[in-house]
Amino acid sequence: IVFANTVFVTKILRRGLPAARAGFRRDAQKKTWPPPCANGEARPVGLLPGETVVKEGKASILFPSANEVFYNPVQEFNRDLTCAVLTEFARDVLARRGVKLVVPGETERVVVSLSEEEEADEAMEKKRAESPTVTAAVGERCELGLRVLEGLSASGLRSVRFALEVPGLRSVTANDFSTKAAALIARNAEYNGVGHLLHASCRDASMLMYEMRGKKERYDVIDLDPYGSPSSFLDAAVQSVSEGGLLCVTCTDMAVMAGNSGETCYSKYGSVSIKAKYCHEMALRIILHSLDQRAGVYQRYIQPLLCVSVDFYIRVFVRVFTGQATPSPCGSKQALVYNCVGCGSFHLQRMGRRTSNGKNVKYSPAIGPPVGPECQHCGQRHQLGGPIWAEPIHDLPFVQKVLSAVSGNPSRFGTSKRIEGVLSMVTEELDDVPLYYTVDSLSGTIHCNTPPLLQFRSALLHAGHKVSLSHACKNAIKTDAPPAVIWDIMRCWEKTNPVKREKLTETSPAFKILSREPGTDACFTVREDANPQSRKLHLTRFKRTRSLLGPKLAPKPDSGGIGTDLQDKSKKCQNKRKNQITESELKNIQCKRFKQGTCAHGDKCCYSHDP
């Protein structure tokens, strides 16, 4: 600084103040900082003291050792799945603009058509392929491409991966309210060489989206992955996404959405959650209900593409459209849930009716309730939850495209095997059956042995009902069979695996259910179609990384962050209760009751009676 000031003063004395300023401007235009390397290229961004490099996918992220910027390695599956979904969404949208995507490692597109509409779309793609098109590769700016916004970027890892792994993008805006996070995003963009495509922003996410509500300013893709609930960002998100644009939302406040606090869930999402076995799928339908309700205020509606519940969070991908002519009113797409507190039976009550007569469609109020004051199976009362989204939560043709792309290029993502397993289960789910039962909860209600999964599924198939598994729960059973049929099957199973009736109280749900004879005889012979393809192939469906599962502490930039021993302390506390004291070690501990003269176990006592 002293040297620079001396030079500046010398030039002032020789040439005067205006000439000295002009000379320094010319020198600044000639020089760059950091100075270039010997080969003329820009010098790479260096590591600051205490920083480490985190590698995921094709991205290398500079990450501070202190917990100043949030990062969760468990959500690599979330980021991989988002890149796969975004690639297929960009492929569909940009094909109409004459742009062909070039994905590294992808040789030939193999798409399984599930309907006549898909076959027509495939024919249109072939016609477009014959005509001259513009190709878009990863890491390159496409002028006809998509504009992407990540509202809460933290370190910018997800946005950097978008720029490096998803072709057909015009710009990626990585926003975060933290100044430290925004500075780190800018450094990570330069470190990965995507500064021409990724732009860092330090704004309030809601205000940024509200300012981009104009039809020509809206984003094609908006990704929201907050630390906790996204409810405060949904209103702005449904307005600032373009017509037919993609909205990606992550919810990690599962304690609220899974029934631990119904009042809090209602204040955030406009729906009352219930603590039941199907709580994870109900959480998906609650966030879809909230999105559709907020979009309806602005004459818009949503179309779910893919909704998954994995690990400790849920993730939804929906498209947002404008207009009231195509979709049905919101009431007929929502439903209330009546859940029995005794046996777990549930019934759905649509909030509106839709009747069609040729080309005419009529909407009228719903008729209900579907249940009486008491449960007809166990005599207990009902809980009322919802409203929830009652329409399909997946677009099966789109999911099939994503599955085909991931399975055809397994080296693209680190979690490709799990993505293939989860999406395979999604394609096997019954799309017109909301919620599910679990086999262990059914057997636990009547206190009998749990029937094997294949035998229970076979019994439902023999009875003429549809049945499938669910990606949200390992022992889930989705079926269109009414609760009366399900309990008849359990009564038939109890006859071959009897319970001790004398231990059941007359007011218990088990006593009232088993006191009735089954209406039909269930057949438990295993059928060939009872075992789904994903289970036959032993695909990775329910993988949990317990040592790193769950979100870490919130970042504390003002207090200097948390030390580097946070993860070591977490590992140290894992399984700390597994090393239990053995019986031989208990013999070295004196019995307190023997000392008081009240021990009745005598020599069979596991503690020592030696004074």
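On a predicted model such as this, the values are computed, not experimentally measured, just so you know.

Can you help me understand the overall build of the protein chain in this one?
Helix and strand counts for the protein chain stand at 22 helices and 19 strands. Across the protein chain, every contact between residues at least 6 apart in sequence was considered, and the portion connecting residues at least 24 apart equals 69%.

For this particular structure, what's the right way to read the sheet that holds strand E9 (residues 241–251)?
Whenever strands of a sheet pair, they do so through backbone hydrogen bonds, lying parallel or antiparallel. Reading across the sheet, the seven strands line up as E7-E6-E5-E8-E9-E11-E10 and stay open at both edges, with mixed pairing between neighbours. Strands with a single pairing partner mark the edges of an open sheet, and in this sheet they are strand E7 (198–201) and strand E10 (300–310). For this sheet, the mean inter-axis angle between neighbouring strands, taken without regard to orientation, is 20°. Where strand E5 (residues 141–150) lies against strand E6 (residues 169–175), six bridges are found, and the strand directions are parallel. Paired with Leu-146 across the bridge in E6 is Leu-169.

Honestly, the UniProt feature "domain: C3H1-type" (unreviewed entry) in the protein chain in this entry has me stumped. Any pointers?
Within this structure's numbering, the places UniProt gives as "domain: C3H1-type" (unreviewed entry) are residues 585–611. Split by type, residues 585–611 is 26% helix and 0% strand. Its first and last C-alpha atoms lie 17 Å apart.

Is there a simple way to think about helix H11 (residues 279–296) in this case?
Note that an α-helix has 3.6 residues per turn; residues three or four places apart therefore point the same way. Its 18 residues place the ends of H11 25 Å apart at the C-alpha level, agreeing with the 26 Å of an ideal helix rising 1.5 Å per residue. Most of H11 sits out of view: 15 of its 18 residues are buried.

Before we go on, may I ask you to explain the packing of helix H3 (residues 76–95) against helix H14 (residues 416–428) in this structure?
Helices that pack against each other are described as a pair by the angle of their axes relative to one another and the distance between those axes. The geometry of H3 relative to H14 is characterised by a closest axis approach of 10 Å and an angle of 70° between their N-to-C directions. By the angle between their directions, the pair H3 and H14 is classed as roughly perpendicular. Residues Phe-77, Asp-80 and Leu-81 of H3 touch H14, and the partners they reach there are Arg-418, Ile-419, Val-422 and Leu-423.

When you look at the packing of H3 against helix H13 (residues 396–408) in this model, what are you seeing that I'm missing?
Here H3 crosses H13 at 115°, and the two axes come no closer than 10 Å. In terms of orientation, H3 lies roughly perpendicular with respect to H13. Considering how the two elements wind past one another, H3 and H13 form a crossing that is right-handed. For the pair formed by H3 and H13, the contact residues are Ala-84, Val-85, Glu-88, Phe-89 and Asp-92 on the first element and Phe-398, Lys-401, Val-402, Ala-405 and Val-406 on the second. Broken down by class, the residue content of the contact of H3 with H13 amounts to seven nonpolar, no polar and three charged.

Whenever I open this one, the environment of Cys-248 confuses me. Can you help?
Counting through the fold element by element, Cys-248 comes out in strand E9. The exposure class of Cys-248 is buried, given its relative accessible area of 1%. Sequence separation between Cys-248 and Arg-319 is 71 residues, and the spatial gap between their C-alpha atoms is 8.9 Å.

Can you walk me through the pairing of strand E16 (residues 382–389) in this structure?
Regular strands show a simple pattern: their side chains alternate between the two faces of the sheet. Counting buried positions along E16 yields six of eight residues, so the element is predominantly enclosed. Examined bridge by bridge, strand E12 (residues 334–340) and E16 share six bridges and lie antiparallel to one another. Each residue of the ladder has a partner; that of Tyr-338, found in E16, is Leu-384.

Is there a simple way to think about the packing of aromatic side chains in this case?
The relation between two aromatic rings is expressed through the spacing of the ring centres and the mutual angle of the planes. In this structure the tally under the stated criterion is five aromatic pairs. Aromatic side chains Trp-493 and Phe-524 sit 5.4 Å apart centroid to centroid with 65° between the ring planes, which places their arrangement in the edge-to-face category. Separated by 31 residues along the polypeptide, Trp-493 in helix H17 (residues 483–496) and Phe-524 in the loop between helix H18 (509–514) and helix H19 (533–536) bring together distant segments of the chain. The pair Trp-493 / Phe-524 is uniform in exposure class, with both members buried. A connected cluster of aromatic rings, assembled from ring pairs, spans Tyr-278, Phe-346 and Tyr-437.

Just to check I follow, could you spell out a nonpolar patch on the surface for this structure?
Judged by side-chain polarity, Leu-47, Val-53 and Tyr-191 come together as a nonpolar surface patch covering roughly 230 Å² of accessible area. The exposure class assigned to Leu-47 is partly exposed, which follows from its relative accessible area of 48%.

What is the right way to look at helix H8 (residues 231–240) in this model?
By the criterion of burial, H8 is predominantly enclosed, with eight of the 10 residues buried. Buried within H8 are the following residues: Ser-231, Phe-233, Leu-234, Ala-236, Ala-237, Val-238, Gln-239 and Ser-240.

How each quantity is defined
Residues numbered from 1 in each chain as written. Predicted model: local features only at pLDDT ≥ 70, side-chain atom pairs only at ≥ 80, totals over all residues. Heavy atoms only, no water. Helix = DSSP H or I, 4+ residues; strand = E, 2+ residues; numbered from the N terminus. Contact = heavy atoms within 4.5 Å. Pairing = 2+ DSSP bridges. Axes fitted to C-alpha atoms, helices over the stretch in contact; angles between N-to-C directions. UniProt positions renumbered as here; feature names shortened; annotations may be inferred. Expected span 1.5 Å × (residues − 1). Buried < 20%, exposed > 50% of the residue type's maximum accessible area, 1.4 Å probe, protein only. Parallel < 35°, antiparallel > 145°, perpendicular 65-115°, else oblique. Left-handed = near helix turned anticlockwise from the far one by under 90°. Nonpolar A, V, L, I, M, F, W, Y, C, P; charged D, E, K, R; others polar. Phe/Tyr/Trp six-rings, centres within 6.5 Å; stacked < 30°, edge-to-face > 60°. Patch = residues over 30% accessible without salt bridge, like charges linked within 9 Å, V, L, I, M, F, W, Y side chains within 5 Å. Areas by Shrake-Rupley, 256 points an atom, 1.4 Å probe, with all protein chains shown as cover. Salt bridge = Lys/Arg side-chain N within 4 Å of Asp/Glu carboxyl O.

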